[in-house]
Amino acid sequence: MTVRVLVTNDDGIGAPGIQALARAAVDRGLDVVVAAPLEEASGMSAAMTAVEREGHVVVRDHPLPDLPGVPAYGVGGSPGFITLIAVHGAFGPPPSVVLSGVNRGANAGRAVLHSGTVGAAFTGAANGCRAMAVSLDVLTAGEATAASGGAAVAAAGRVRDSERHWSTAARVALDLLPRLTAAPPESVLNVNAPDLPHGRLRGVRRGTLATFGQVQMTVAETGHGYVRTSLQEPGQAAQAGTDVALLAQGYASVTAIRAVTEADDVDLSGLDGE
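Residues numbered from 1 in each chain as written. Predicted model: local features only at pLDDT ≥ 70, side-chain atom pairs only at ≥ 80, totals over all residues. Heavy atoms only, no water.

A.B. asks: An account of the sheet that holds strand E9 (residues 188-194) is requested, with residue identities and associated values reported.
C.D. replies: Across the sheet, which stays open at both edges, the nine strands sit in the order E5-E6-E2-E1-E7-E8-E9-E13-E10 with mixed pairing between neighbours. The sheet is open, and its two edges are formed by strand E5 (59-61) and strand E10 (204-206), each paired on a single side. Put simply, the sheet's adjacent strands are angled 25° from each other on average, direction ignored. Direction of pairing for E10 relative to strand E13 (residues 252-257): parallel, over a ladder of three bridges. Paired with valine 204 across the bridge in E13 is alanine 252. Packing against the sheet, helix H1 (residues 16-27) makes contact with strand E1 (4-8), strand E2 (31-37), strand E7 (97-104) and strand E8 (130-137), and its axis sits at approximately 140° to E7. Lying over the sheet, helix H3 (residues 116-126) contacts E1, E7, E8, E9 and E13, oriented at roughly 170° with respect to E8. (Pairing = 2+ DSSP bridges. Helix = DSSP H or I, 4+ residues; strand = E, 2+ residues; numbered from the N terminus. Axes fitted to C-alpha atoms, helices over the stretch in contact; angles between N-to-C directions. Contact = heavy atoms within 4.5 Å.)

A.B. asks: Lay out the pairing of E7 in plain terms, naming residues and giving numbers.
C.D. replies: Of all eight residues in E7, seven are buried; the element is thus mostly enclosed. Where E1 meets E7, four bridges bridge the pair, whose relative direction is parallel. What sits directly across from threonine 8, in E7, is serine 100. Taken together, the six bridges between E7 and E8 define a ladder with parallel strand orientation. The partner of asparagine 103 across the bridge, within E8, is serine 135. Since E7 and E8 lie parallel, the crossover through H3 that links them has a hand, and here it is right-handed. (Buried < 20%, exposed > 50% of the residue type's maximum accessible area, 1.4 Å probe, protein only. Right-handed = clockwise from strand over helix to strand, strands pointing away.)

A.B. asks: Tell me about a nonpolar patch on the surface, and name the residues and values.
C.D. replies: On the surface, Val266, Leu268 and Leu271 cluster together to form a nonpolar patch covering roughly 290 Å² of accessible area. Relative to the helices and strands, leucine 268 resides in the segment after E13. According to the relative accessible area criterion, leucine 268 is exposed, its value standing at 53%. (Patch = residues over 30% accessible without salt bridge, like charges linked within 9 Å, V, L, I, M, F, W, Y side chains within 5 Å. Areas by Shrake-Rupley, 256 points an atom, 1.4 Å probe, with all protein chains shown as cover. Salt bridge = Lys/Arg side-chain N within 4 Å of Asp/Glu carboxyl O.)

In structure tokens, the structure reads:
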């Protein structure tokens, strides 16, 4: 039986990364449906938001170039919301696998909590699907840029999206699909790949979550009636073996994560009723 796959993202239905991921899934013989936000919805985590008109969530056909026959929809909703309604049959037969991405920018470290890409994967996993979040690191490209500091951020803005290696991240993700489908329920694989041709990858490694992401938000200024924030690179080197460190070294990183789980190491004994 052919595996039914939902491909979604948080960069929007027109983003190049989602087309690369959908293409890779189709090329592996999977039954693919694509549904993603009409507009960018980054940083949404697993939010349940939608745009309604006359009581209906906005859904528009959005055929993808070079993927004729693959149903694709732009939806007025967050990635998590889109995933949830897909699981309930909004776009045909419910998927058993959710592939979210390829995101423009790494989703690494504990900052994955805030990612709409990862939020869609968490939502799928919480509703019975195997799920994977897939991202392309646009800030670094191996050890040569790992020591360049803020220059890496500036350089990322000079590369056109059409020149990025979306297919590298997509290929890494689909190669990992057998591991995903064999994983316990509610598991999510968080995959990050450097922006390199697949042949230049140093390999795929298991990465632990860094204590921070590639960039951190700081409060740059406060004043009467406003707060101004900024993003900056952490002032410390990433710990060896973490997802951030592996990306800087030219490896693709994969981390197995889960969303909401109970903590069994907190002492709540002696409460009423026990």
